[in-house]
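So you can see what is in the structure, the chains are spelled out below.
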Amino acid sequence: MLRKVCSGRNGSWLLAAACTSLFGSAALAGSGQPSPKQIYFQEAVTPIAEQIHSFHDIVNWIIFFITVFVMVLLGYVMWRFSEKRNPVPSRTTHNTTLEVLWTVVPVFILVVIAIPSFKLLYAQYTFPPPDVVVKATGNAWNWTHEFPDQGIRIDSVMLQDGEREEAIKSGMPADQVPRTLAVNNEVLVPVNKVVHVLVTSSDVIHSWTIPSFGSKVDAVPGRITATWFKATKEGIYFGQCSELCGKDHAFMPIAIRVVKEPVFNDWAKAVKDRNRNRVREIIRQVAKEHAGQNKTALR
Ligand SMILES: [Cu+2]
């Protein structure tokens, strides 16, 4: 019944917030970028992100039941043991059954939380064999992505307002170039392929993050950290540096576009050949196909 109430679209924002936190409905969430009045996560497009969302939902249900239980208990105690109804308080100090219960039940709840939590951790750190390898390097304040197997390197810098307008005028759909997220050179990866991301930094600590992929890993100078993702839906997915790194920390977004494998291969070849016009043409073409998937919040 509750689900039915929540599936209606005419409720208040309070109702929407309650429903979202309980059922994890992605109806209010953006795809690949934030959307207006978003409450829940951005849409999950990798198995790991889906697992993160369902783990979040399980824990939220547990929080919900514990909160209701404690509230009901408090209400009952306030009513039943008020001075009027209970003028002579009991001097009981121990109750073995109760003490066993309030030890065993929380332990049981922690075990229920631990099982999916360990499963998720295991999945995040068990890298399937890679189809594509990307090395992401954080720089103050932009990102470099290298594809060692394809022999290409992409430097991506955030678009300024004037550059965004130019991009839109030149044919890029507006929802594909959101403010403070769009970059001059997007990175393409193939859909339904395992991508290993080796992350490092050339200066201070940054963090490579794409919410829709469920990816977040620190970029540490002098070290390689790693994550992996397998995006199952085409589109453009934005992320931002997520480790406070300096004055332009807020302006070093990451833009990963998930495309069909032949498009990826064409793009990689064009980048390798330094054929800027062809790269632009491929991206504009695929951007048109991906248009309309986002309710852009940051125009
Ligand atoms: Cu940063």
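1. Things to note about the overall build of the protein
Scanning the protein from N- to C-terminus turns up 7 helices and 10 strands. A buried classification covers 38% of the 299 residues belonging to the protein. In the protein, the proportion of contacts linking residues at least 24 apart, taken out of those at least 6 apart, comes to 68%. Working note: accessible area of the protein is about 17200 Å², and carbon and sulfur atoms make up 61% of it.

2. Observations regarding the sheet that holds strand β9 (residues 235–240)
Strand order across the open sheet formed by 3 strands is β4-β10-β9, with mixed pairing between neighbours. A single partner strand is all that each edge strand has here, and the edge strands are β4 (187–190) and β9. With strand direction ignored, the average angle separating the axes of adjacent strands in the sheet is 30 degrees. Bridge count for β9 against strand β10 (residues 253–259) is 6 bridges, and the pairing is antiparallel. The residue of β10 that forms the bridge with isoleucine 236 is arginine 257.

3. What about empty space enclosed by the protein?
Applying the stated criterion across every chain, the model contains 1 cavity of 30 Å³ or more. In this structure, the largest cavity occupies an estimated 30 Å³ of space. For the lining of the largest cavity, the residue count by class is 7 nonpolar, no polar and no charged.

4. With respect to the packing of aromatic side chains
The full count for this structure, using the stated rule, is 12 aromatic pairs. Pairing phenylalanine 147 with tryptophan 267 gives two aromatic rings, centres 5.7 Å apart and planes at 75 degrees, and the pair type is edge-to-face. Of the two residues, phenylalanine 147 is situated in strand β2 (residues 142–147) and tryptophan 267 in helix α6 (residues 261–272); the sequence distance between them amounts to 120 residues. For the pair phenylalanine 147 and tryptophan 267, a shared accessibility class is recorded, and that class is buried. Judged by centre distance (5.4 Å) and plane angle (50 degrees), the rings of phenylalanine 213 and tyrosine 237 are tilted.

5. So, unusual backbone geometry
That bond from alanine 140 to tryptophan 141 is cis: its omega, 5 degrees, falls within 30 degrees of zero. When you line up the elements, tryptophan 141 lands in the loop between β1 (132–139) and β2. One non-glycine residue, threonine 180, adopts positive backbone phi at about 65 degrees. Note on placement: threonine 180 falls in the loop between α5 (161–169) and β4.

6. Thoughts on helix α4 (residues 96–125)
For α4, spanning 30 residues, the distance from its first C-alpha to its last is 43 Å, which sits close to the expected 44 Å at 1.5 Å a residue. Taken as a whole, α4 has its buried residues at Pro116, Leu120 and Ala123.

7. Topic: the coordination of the copper ion
Around the copper ion, the protein contributes the donor atoms Cys241 (SG), Glu243 (O), Cys245 (SG) and His249 (ND1), which lie 1.9 to 2.5 Å from the metal centre. In primary-sequence terms, the residues that donate to the copper ion follow C-x1-E-x1-C-x3-H. A single burial state applies to cysteine 241 and to cysteine 245, both of which are buried.

8. Quick look at the pairing of β1
For β1, the buried fraction is high: 7 of the 8 residues fall into the buried class. With 7 bridges joining them, β1 and strand β5 (residues 195–201) adopt parallel strand pairing. Residue pairing in the sheet places valine 133 in a bridge with histidine 196 of β5. Here β1 pairs with β2 via 5 bridges, running antiparallel. Looking at the pairing, alanine 136 lines up with histidine 145 of β2. Counted between consecutive antiparallel strands, the loop separating β1 from β2 contains 2 residues.

9. Considerations on the confidence of the model for the protein
Per-residue confidence for the protein gives a mean pLDDT of 89; residues scoring 70 or more make up 88%. Below pLDDT 50 for its whole length, residues 1–16 participates in 11 contacts with residues either more than four positions away or in separate chains. Contacts of residues 24–28 to residues separated by more than four positions or lying in other chains number 14 contacts, the stretch itself having pLDDT below 50.

10. A closer look at a nonpolar patch on the surface
A cluster of nonpolar side chains, namely Ile66, Phe69, Val70, Leu73, Leu74, Tyr76, Val77, Met78, Trp79 and Phe81, defines an oily patch on the protein surface of about 1000 Å² accessible area. Within the secondary structure, tyrosine 76 is located in helix α3 (residues 47–80).

11. A look at the pattern of salt bridges
Applying the stated criterion to the full structure yields 11 salt bridges. Close ionic contact of lysine 233 with glutamate 43 constitutes a salt bridge, the shortest N to O distance being 3.0 Å. A residue pair is termed long-range when its members are at least 10 positions apart, and lysine 233 in the loop between β8 (225–229) and β9 and glutamate 43 in the loop between α2 (13–23) and α3 qualify at 190 residues. What makes glutamate 43 partly exposed here is its relative accessible area of 24%. One salt bridge connects lysine 269 with aspartate 273, and the closest N-O pair in it is separated by 2.9 Å. Using a relative accessible area of 54% as the deciding quantity, one classes lysine 269 as exposed. Among the residues examined, aspartate 273 registers a relative accessible area of 47% and is labelled partly exposed. Salt bridges linked by common partners bring Asp161, Arg164 and Arg179 together as one network.

The rules behind the values
Residues numbered from 1 in each chain as written. Predicted model: local features only at pLDDT ≥ 70, side-chain atom pairs only at ≥ 80, totals over all residues. Heavy atoms only, no water. Helix = DSSP H or I, 4+ residues; strand = E, 2+ residues; numbered from the N terminus. Buried < 20%, exposed > 50% of the residue type's maximum accessible area, 1.4 Å probe, protein only. Contact = heavy atoms within 4.5 Å. Areas by Shrake-Rupley, 256 points an atom, 1.4 Å probe, with all protein chains shown as cover. Pairing = 2+ DSSP bridges. Axes fitted to C-alpha atoms, helices over the stretch in contact; angles between N-to-C directions. 1 Å grid on protein atoms, 1.4 Å probe; cavity = no way out; pocket = protein on both sides within 12 Å on 5 of 7 lines; lining within 4 Å. Points joined across faces, edges and corners; volume = space filled by probe spheres on them. Nonpolar A, V, L, I, M, F, W, Y, C, P; charged D, E, K, R; others polar. Phe/Tyr/Trp six-rings, centres within 6.5 Å; stacked < 30°, edge-to-face > 60°. Expected span 1.5 Å × (residues − 1). Donors = N, O, S within 2.8 Å, 3.2 Å for Na, K, Ca; no water. pLDDT = per-residue confidence, 0-100. Patch = residues over 30% accessible without salt bridge, like charges linked within 9 Å, V, L, I, M, F, W, Y side chains within 5 Å. Salt bridge = Lys/Arg side-chain N within 4 Å of Asp/Glu carboxyl O.

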